[in-house]
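# Structural overview for review
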Amino acid sequence: MNQNTKKSDNSNFFSEALSSEERVRFDRQLRLPGWNQKALKDSTVLIVGVGGLGTEVAKNLAMAGVGVIHLIDVDIIEHSNLNRQILFYDAEEGEPKSKVAARTLKKINPFSKYIWHYSNLEDVDPEIYATADLYIAGLDSVTARNELIRRAVHFKKPMIDGGTATYYGHVYTYLPDENSCLQCDPQRERERETLAACTLVGIPRKRSHCLLKGQLFFESKHNRPPDTTVVDEVKIALDYANNLVKEHFPDSGLFTLDEAVKMIDQHDPTVISINAVIASIQTQEALKLLHHIKGIKLGTVNPEYLIYNGLVGKFFYIEKPPNKECHLCGSNAPIIETIELPETSTLDMILPIIKNRGYTFDPELLPSFWLMDRKEMKEAKKGFTLKEQKIRNYETVFMTGLSKNNEEKDVYLQILIKGK
Amino acid sequence: MSEEFEELSFDEEEEEIEEVVEEEIVSKTPSTKTPAGKKISVYFQSTIGPSPKQEKLVVATDAPIDDIKYTVSQIFGLPPEEFHLSHAGRTCDPGDTFEDYGVEDGDTVLLIPVSTAG
């Protein structure tokens, strides 16, 4: 081992991985105790969801000098994003979020690489999930978080989840084999006020139903929902609603114009301050983890579920022990079998391989294969090759109809394409 | 007057329990077995809202969590759809009961935000 290169590798100021411009740019953070700029430059981070949290984390990680940042988002930009999503300040409405984010980040720090994916997280090449150092979630649905955590558990990658609700937020870092995954304690979608068709004709059971009925009254007259930018249209729905409130809920107050707007045009309320707090905590945990992944000590990652209440300026912490019965990471989870095959192999050829690994199956009722790493899960055909079915390197295929030690066992096949 | 009423209702309950024991005479279940719906004291602590709050409440362990949540929302003045109840790191499903999560007398249950927006 050449001692000179080793010396410069450990030095921030003389690291050969950094250009002289980078050394100047990062000078103040190169002085941080325990910091290693090269470790960050050699890192790859996946940011899934480039919205209120994702843009803030992306900005932070780019400024800190993380080498490769993948940006995944299926959404386009709307002007209502501009109260908190700094990366879109000069964008046109309708441009893909991931693309504009990459463009702005390149201007902020041209020394890193930004790869954008205008796509569902499900359709992104599995190899990107397999080779990234960690995932950051800035997602707005539980379904999407569940898709991401499956990849995190299977590829044993840390996933730093964040979320907000009005003046509150949370950060939770999934650490493989250490704390609970998101399926150990399944999250639930937010309940939204909707009016079932059956209650449409009856008397309103809840005060909120009055407002929904007011909206439906407008729709019955105009065949479209009220335009929330036109005060007269909102008022039609509001007046109808408040007449119902007076009749059925005389003890409670009337709805305001603003309440009517929020009910008709439903969006989660968010503000930059809360997003910035949560995203900054996500970033700081990521920076430590990236050092750890490269074998460098830098603090400790918080394994607990952190809640921030911006109304009182306080943090709360909840311990998250793994659930032994979790169907994703616990004893009830399907086994992961890694199989390396050339892309010209058919799925049929997997059957004898899986047999050699101690599995049995009914020869009359052969096991079935399901392609999971897609937006729409579909059954794979045994007689066709991996290439013909566009099965990609590191793709997960769910296999049912197997037994091991006389017990039914489902298996996740992790397909490695030979030579890729 | 009110004491008489209470005694009356106790008599009724005891009669019911005795009937059950007679029917299941072959079972080894002792007659002292705690009936379902044990009452426990639980500390409810909010992490959300404009001022942190803690309330000690007596709850039935077999009451639907949806019902408990609704009552707690009235006491704390917070809309029920804005929080989940969380015990020992597990988020309580509205369809379950505290029994399902092993909530015991003296335990703390947190009101946590439904922070799923990104």
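Note that this is a predicted model, so its numbers are computed, not measured.

### Considering the interface of chain B and chain A
With 21 residues of chain B in contact, the opposing surface of chain A contributes 35 residues. Looking at the side of chain B that touches chain A, the elements with two or more residues in it are strand 3 (83-87), strand 4 (90-91) and strand 5 (108-113) of chain B. The dominant element in the side of chain B that touches chain A, judged by the number of residues it contributes, is strand 5 of chain B, at three residues. Looking at side-chain class alone, the side of chain B that touches chain A contains eight nonpolar, ten polar and three charged residues.

### Focus on the packing of helix 5 (residues 52-64) of chain A against helix 6 (residues 97-108) of chain A
Residue and element names in this part refer to chain A. Two numbers describe how helix 5 lies on helix 6: the axes approach to 10 Å, and their chain directions differ by 30 degrees. Here helix 6 runs roughly parallel to helix 5, going by the angle between their axes. The element helix 5 and its partner helix 6 pack so that their crossing is right-handed. Contacts between helix 5 and helix 6 involve T55, A58, K59, A62 and M63 on the former and, on the latter, A101, L105 and I108. Each residue belonging to the contact of helix 5 with helix 6 can be placed in one class, and the counts come to six nonpolar, one polar and one charged.

### Brief notes about helix 10 (residues 231-248) of chain A
The α-helix winds at 3.6 residues per turn, so residues separated by three or four positions along the chain end up facing the same way. Residues and elements named next belong to chain A. Compared with an ideal rise of 1.5 Å per residue, which puts 18 residues at 26 Å, helix 10 spans 25 Å between its outermost C-alpha atoms and is within 8% of the ideal. Of all the positions in helix 10, only V234, A237, L238, A241, L244 and V245 are classed as buried. Buried residues along helix 10 cover an arc of 120 degrees about the axis, so they all sit on one side. Turned more than 90 degrees away from the buried face of helix 10, the exposed residues are D232, K246 and E247. Where the residues of helix 10 are buried, they touch helix 9 (207-222) and helix 11 (257-264).

Thresholds, definitions, all that
- Chains are numbered independently. Their residues run from 1 in the order of the written sequence.
- In the order they appear in the text, chains get letters beginning with A and ligands get numbers beginning with 1.
- For this predicted model, a pLDDT threshold of at least 70 governs which residues receive local features, and a threshold of 80 or more governs which side-chain atom pairs are given and counted, while totals over whole chains, interfaces and linings are taken from all residues.
- Contact definition: two residues whose C-beta atoms, as placed from backbone geometry, lie within 7 Å.
- Secondary structure counts use DSSP, requiring at least four H or I residues in a row for a helix and at least two E residues in a row for a strand, with both numbered from the N terminus.
- Each residue is assigned to one of three groups, with Ala, Val, Leu, Ile, Met, Phe, Trp, Tyr, Cys and Pro labelled nonpolar, Asp, Glu, Lys and Arg labelled charged, and all others, Gly among them, labelled polar.
- The axes used here are C-alpha line fits, helices contributing only the stretch in contact, and every angle between their N-to-C directions lies in the interval 0 to 180 degrees.
- Here the word oblique covers every angle except those under 35 degrees (roughly parallel), over 145 (roughly antiparallel) and from 65 to 115 (roughly perpendicular).
- The sense of a crossing depends on the near helix, which, turned anticlockwise from the far helix by less than a right angle, makes the crossing left-handed and, turned clockwise, makes it right-handed.
- Expected helix span is given by 1.5 Å per residue-to-residue step, counting one fewer step than there are residues.
- The exposure scheme places C-beta atoms from the backbone and then counts, for each residue, the other C-beta atoms within 10 Å of its own, assigning buried at 20 or more, exposed at 12 or fewer, and partly exposed in between.
- Here the arc refers to the set of directions running from the helix axis out to each C-beta atom.

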